[in-house]
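# Inside the fold
Spelled out, the chains give:
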Amino acid sequence: MKTLLALLLLATPAAAQSVTPNFTQGSMQSTTTTTIDIDRTIATEVYGGDYKSWSGTNITPSGSIEDGSTTFSVTTAGDPFQLEIVDRVAGVIETIDITEAIQQVSTTTSLSVFSQ
């Protein structure tokens, strides 16, 4: 017990020391760069109904354009002629694919100034 009392008397109390900063002013700069990459495809399909028509000059049809056995003949032999026949079934008449690659880069710079 005497030893314990002697040890307690010899122990020195702990004391905190104050810390004083050694600077009076300063600044800090931070730069953040963000990159966004977007790859996308826009696919479009255009639908239409069935369509049949004919046009021409110096041409005579043998019947209606709806009849599959209709024939076309030159009206005046020896003269110039022109014939255009359009026969389209219902469904997709056009497909459009647009592919894009987009890159966006943004940079943010921050400056902090401090003094004491």
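Okay, so let's go over this structure. (Residues numbered from 1 in each chain as written. Predicted model: local features only at pLDDT ≥ 70, side-chain atom pairs only at ≥ 80, totals over all residues. Heavy atoms only, no water.)

### Regarding the overall build of the protein chain
Helix and strand counts for the protein chain come out as one helix and six strands. For the protein chain, the sequential pattern of α-helices and β-strands runs α-β-β-β-β-β-β. Within the protein chain, the fraction of its 116 residues that count as buried is 3%. For the protein chain, the share of sequence-separated contacts (at least 6 apart) that also reach a separation of at least 24 residues comes to 74%. (Helix = DSSP H or I, 4+ residues; strand = E, 2+ residues; numbered from the N terminus. Buried < 20%, exposed > 50% of the residue type's maximum accessible area, 1.4 Å probe, protein only. Contact = heavy atoms within 4.5 Å.)

### Topic: unusual backbone geometry
Although it is not a glycine, Asn 58 adopts a positive phi angle of roughly 60°. Structurally, the position occupied by Asn 58 is in the loop between β2 (51–57) and β3 (59–61). According to the relative accessible area criterion, Asn 58 is buried, its value standing at 18%.

### Thoughts on the pattern of salt bridges
By the definition in use, this model includes one salt bridge. Arg 40 serves as the salt-bridge partner of Glu 100, at 2.5 Å between the closest nitrogen and oxygen. With Glu 100 in strand β6 (residues 91–115) and Arg 40 in strand β1 (residues 25–48), this residue pair connects regions lying 60 residues apart in the sequence. (Salt bridge = Lys/Arg side-chain N within 4 Å of Asp/Glu carboxyl O.)

None of the figures reported here should be taken as evidence of function without further support.
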